[in-house]
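# A closer look at the structure
Take a look at the letters that make up each chain.
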Amino acid sequence: MTESENNRIKELTDRFFEGETTVEEERELYALYLEEDIPEEMEEYREMFRDFSAIIMTEEEKSLRPSTAHPVQETLPTNTHRLTAVKGKTRYKLLWPYISGVAAVLIAAVGISLSLNRQEEVRLAKLYGGSYMIINGTKIDKLTRIHTDIEQVLSEADEME
């Protein structure tokens, strides 16, 4: 194969895996993979494209290359459905909506949690504003930390009355 044919097969293969080829380009790609000499790095795709060509190519196209015909070509019916393949990059494109959905839910959950914590702090400030406790010689005035202790002391005071 010439350098331009090598470049063409590489370009068409990449575009095929991205789902960007036309039916005519796919036919050309299948025909290129039926050639005996293709770039070594494309050899791993040879069987797959030969199988696709057995399904897609017309009888006339097959007769043009009888010496390189794949055995499967003789048994499978010919049709013109477009086939696409999923490769590494495409898989991530398919997962992107799910990943972004999970991220949106996590962001919403964090936002709601922060909002609820802030509302709790405001509520406690209204009830116990200015209150503090001294524990082991340390003054603690964070109401979210000491509000249960304050409520316990208040309930004990109510019982004494």
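One structure accompanies this document, and this report is about it. (Residues numbered from 1 in each chain as written. Predicted model: local features only at pLDDT ≥ 70, side-chain atom pairs only at ≥ 80, totals over all residues. Heavy atoms only, no water.)

This part is about the overall build of the protein. For the protein, the count of helices and strands is 6 helices and 2 strands. In the protein, the share of contacts with a sequence separation of at least 24, taken over all contacts with a separation of at least 6, comes to 42%. Approximately 11300 Å² of the protein is accessible, and the part contributed by carbon and sulfur atoms is 57%. (Helix = DSSP H or I, 4+ residues; strand = E, 2+ residues; numbered from the N terminus. Contact = heavy atoms within 4.5 Å. Areas by Shrake-Rupley, 256 points an atom, 1.4 Å probe, with all protein chains shown as cover.)

The grouping of Glu156, Asp158, Glu159 and Glu161 at the surface amounts to a negative patch. You can see glutamate 156 is positioned in helix 6 (residues 143-160). (Patch = residues over 30% accessible without salt bridge, like charges linked within 9 Å, V, L, I, M, F, W, Y side chains within 5 Å. Salt bridge = Lys/Arg side-chain N within 4 Å of Asp/Glu carboxyl O. Lys, Arg positive; Asp, Glu negative; His and termini not counted. Charge placed at Lys NZ, Arg CZ, Asp CG, Glu CD.)

According to the stated counting rule, one finds 7 salt bridges in the structure shown. Here glutamate 121 makes a salt bridge to arginine 118, at a shortest N to O gap of 3.4 Å. In this pair, glutamate 121 and arginine 118 are both assigned in helix 5 (residues 88-128), 3 residues apart and thus about one turn of the helix distant. Here arginine 123 ties to glutamate 120 by a salt bridge, and the two come within 2.9 Å at their closest N and O atoms. Highlighted residues: arginine 123 and glutamate 120, both in helix 5, separated by 3 residues, approximately one helical turn. Classification of glutamate 120 as partly exposed rests on a relative accessible area of 27%. Among the charged side chains, a salt-bridge network with shared partners connects Arg8, Glu11 and Glu28. (Buried < 20%, exposed > 50% of the residue type's maximum accessible area, 1.4 Å probe, protein only.)

Trans is the prevailing form of peptide bonds, just as negative phi is the prevailing case for residues other than glycine. The backbone phi angle of asparagine 136 is positive, close to 55°, even though this residue is not glycine. Positionally, asparagine 136 belongs in the loop between strand 1 (133-135) and strand 2 (138-140).

Take the packing of aromatic side chains next. Per the counting criterion, the structure on display carries 9 aromatic pairs. Look at phenylalanine 16 and phenylalanine 52: their rings are 5.9 Å apart centre to centre, the planes differ by 45°, and that puts the pair in the tilted class. Of this pair, phenylalanine 16 sits in helix 1 (residues 3-17) while phenylalanine 52 sits in helix 3 (residues 46-56), and the two are 36 residues apart along the sequence. Its relative accessible area of 1% is what places phenylalanine 16 among the buried residues. Measuring from ring centre to ring centre gives 5.1 Å for phenylalanine 17 and tyrosine 45, while their planes differ by 55°; the resulting arrangement is tilted. Linking phenylalanine 17 in helix 1 with tyrosine 45 in the loop between helix 2 (23-34) and helix 3, this pair joins segments that are 28 residues apart in sequence. Across the pair, exposure class does not vary: phenylalanine 17 and tyrosine 45 are buried alike. Every member of this aromatic cluster is reached through a ring pair, and the members are Phe16, Phe17, Tyr30, Tyr33, Tyr45, Phe49 and Phe52. One residue, lysine 139, lies across the ring of tyrosine 132, its end atom 4.6 Å from the ring centre. (Phe/Tyr/Trp six-rings, centres within 6.5 Å; stacked < 30°, edge-to-face > 60°. Lys NZ or Arg CZ within 6 Å of the ring centre and 35° of its normal.)

Don't take any of this as a statement about function, it's just geometry.
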